[in-house]
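Fold and contact review
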Amino acid sequence: MILVQLSLPMVQMQHENVSNNGPRLAGPGTLLAVFRGQTGGYGIRMLMADIREALQNEDKLSVELLSNAELIISEVLNNIEEHSYANEPDCPLRVAISLINETTIEVETQDFGEPMPGLKLPPKSLPNTDVPLEDLPEGGFGWFLIHTLAPQTTYTRKGQRNILTFSLDDC
Amino acid sequence: MDLIRRNEDDILILTPDSDRIDAACAIHLKDQFREAVEEVEGRVVMDLSGISFMDSSGLGAMVSALKLLKGRKLELAGLTPVVAKVFKLTRMDQVFIIHDDLGSALTADGANAA
């Protein structure tokens, strides 16, 4: 079977239209909202402001869950911007958030960038901090934080889309 | 985002004028820090009490700031719970000198503090 990589803007638009046809829930629950944004500049920061506001309106979600959600969604989006889209601006970002129950949310992100290397999530590894000052790591913490706070994170590649799903609850 | 600078008892105090240290401002923060600590030889304390969100890019910017001090410790004060969690999970709380708040940073005994 031959896989053909298409990266034309029209293809991206068609995918966006498809996902506009209705919410696509990865699991049981109630779709809270779908948030759309773009890479580049303050794109992710603006998207996160919308997400934070929407989650704050859900009274039953704890402050702890809200802060974990903000951190993990930001880490995932930063990773998409930097790696999947290779820092290309104006690329589409989509975040769907569902309420699984009163204290659990499920988050699904979609992008149309490059697939994850090996079609799997990067491992949970913490850069070594017991090193001389000049060798201290300045990055590589993102996936460690994602795996630590959202251990059930899954990745699938569907057509031209990368889809990450994770849930967060009060525990 | 800018780093507001002031001196107190030969201690340089840097305060970000934003409530977030994230990927969008990480590089700018590093540049601002470099400019601020040029020719400064005393203690440097960053007041993070106004920071309500920091991601791993922001953490990376703090590490690069620490490296710019070439062997001197970067002291951080007033970490909010959300920010403290990022430092603790990544074990970066072992790398910086962390004070409960700016007041205790100023009364602390320099590099032997915390």
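Computed from a prediction, not measured in an experiment: that's the story for all the values here.

1. Thoughts on the nonpolar core
All names here are of chain A. Ile72, Ile73 and Val95 are the most contacted members of the largest nonpolar core, which totals 66 residues. If one sorts the elements of this core by residue count, helix α3 (residues 63-84) sits on top with seven residues. Residues contacting Ile73, with those up to four places away along its chain left out, are Met48, Ile51, Val95 and Val107.

2. Examining the interface of chain B and chain A
Counting residues at the interface gives 20 residues for chain B and 22 residues for chain A. Elements represented by at least two residues in the side of chain B that touches chain A include exactly α2 (56-68) and α3 (81-89) of chain B. Of the residues that constitute the side of chain B that touches chain A, the class distribution is nine nonpolar, seven polar and four charged.

3. Points about the sheet that holds strand β7 (residues 97-99) of chain B
Residue and element names in this part refer to chain B. Read from one edge to the other, the open sheet built from five strands follows the order β1-β2-β4-β6-β7, with strand pairing classed as mixed. Only two strands of the sheet have a single neighbouring strand rather than two, namely β1 (3-8) and β7. Looking at each pair of strands side by side, their axes are set apart by 25 degrees on average, direction ignored. Of the strand pairs in this sheet, strand β2 (residues 11-16) and strand β4 (residues 44-47) are connected by three bridges, and their pairing is parallel. Following the sheet pairing, Leu14 is matched in β4 by Met46. Contacts from helix α1 (residues 26-37) reach β1, β2 and β4 within the one sheet, and its direction differs from that of β1 by about 25 degrees.

4. Focus: the confidence of the model for chain A
All names here are of chain A. With 84% of its residues at a pLDDT of 70 or more, chain A shows a mean pLDDT of 87. Taken element by element, chain A is modelled with least confidence in helix α1 (residues 9-20), mean pLDDT 39, and with most confidence in strand β4 (residues 154-158), mean pLDDT 98. Taken as a whole, residues 1-23 scores under 50 in pLDDT and shows 14 contacts with residues more than four places along the chain or in a different chain.

5. Considering the sheet that holds strand β5 (residues 161-169) of chain A
Residues and elements named next belong to chain A. Overall, antiparallel pairing links the five strands, which are arranged β1-β2-β3-β5-β4 in an open sheet. The open sheet terminates on both sides in strands that have one partner only, identified here as β1 (30-38) and β4. With direction set aside, neighbouring strand axes in the sheet form an average angle of 20 degrees. Judged from the seven bridges that link them, strand β2 (residues 92-101) and strand β3 (residues 104-111) form a sheet pairing that is antiparallel. Note on β3: the bridge partner recorded for Val95 is Thr109.

The rules behind the values
Residues numbered from 1 in each chain as written. Chains lettered and ligands numbered in written order. Predicted model: local features only at pLDDT ≥ 70, side-chain atom pairs only at ≥ 80, totals over all residues. Core = buried A, V, L, I, M, F, W, Y, C linked by C-beta atoms within 7 Å. Buried ≥ 20, exposed ≤ 12 C-beta atoms within 10 Å, placed from the backbone. Helix = DSSP H or I, 4+ residues; strand = E, 2+ residues; numbered from the N terminus. Contact = placed C-beta atoms within 7 Å. Nonpolar A, V, L, I, M, F, W, Y, C, P; charged D, E, K, R; others polar. Pairing = 2+ DSSP bridges. Axes fitted to C-alpha atoms, helices over the stretch in contact; angles between N-to-C directions. pLDDT = per-residue confidence, 0-100.

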